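What the coordinates show
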Amino acid sequence: MHVDLSPTSPFRGSIYVTWVQFNGNGTHSPVNVAYSRDGARTFSTPAQISAGQVRNNQDARIVSAPDGTLYLTFDNSVQGARAPQST
């Protein structure tokens, strides 16, 4: 969760939440974001940020710049391949 507290942001006071949906079917784990502009009384419809077959998205974090621009980071990896083992 992040609250935009920048006095220069046009979205000052907005609350942003982000999460990864682990759906249990092993095909993907989309990253989602929603926001509130009314003190968390209501939230926007979630926006799905990632797509595809990557199923290891996790640790999503969101912050805002002084101008209100949002930056989202998250970890991901592709499963299946292993590094060669030395003998």
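Quick look at the structure, then. As the structure is a prediction and not an experimental result, all values here were calculated from the model.

**Some points on the packing of aromatic side chains**
Applying the stated criterion across every chain yields a total of 1 aromatic pair. With 6.4 Å between their ring centres and 50° between their planes, Tyr16 and Tyr35 make a pair best called tilted. Taken together, the residues span a long stretch of sequence, with Tyr16 in strand E2 (residues 15-20) and Tyr35 in strand E3 (residues 31-36) at a distance of 19 residues. Tyr16 gets classed as buried once you look at its relative accessible area, which sits at 2%.

**Considerations on the environment of Ser64**
Looking at the element boundaries, Ser64 is found in strand E5 (residues 58-64). According to the relative accessible area criterion, Ser64 is buried, its value standing at 18%. As for Ser64 and Asp4, which are separated by 60 residues in sequence, their C-alpha atoms are 6.3 Å apart. When residues no more than four places from it in sequence are discounted, the contact partners of Ser64 are His2, Asp4, Thr69 and Leu70. Among the polar contacts made by the side chain of Ser64, one reaches the side chain of His2 at a distance of 2.8 Å.

Procedures and definitions
- Residues numbered from 1 in each chain as written.
- Predicted model: local features only at pLDDT ≥ 70, side-chain atom pairs only at ≥ 80, totals over all residues.
- Heavy atoms only, no water.
- Phe/Tyr/Trp six-rings, centres within 6.5 Å; stacked < 30°, edge-to-face > 60°.
- Helix = DSSP H or I, 4+ residues; strand = E, 2+ residues; numbered from the N terminus.
- Buried < 20%, exposed > 50% of the residue type's maximum accessible area, 1.4 Å probe, protein only.
- Contact = heavy atoms within 4.5 Å.
- Polar contact = N/O pair within 3.5 Å; in protein donor to acceptor, adjacent residues only side chain to side chain.

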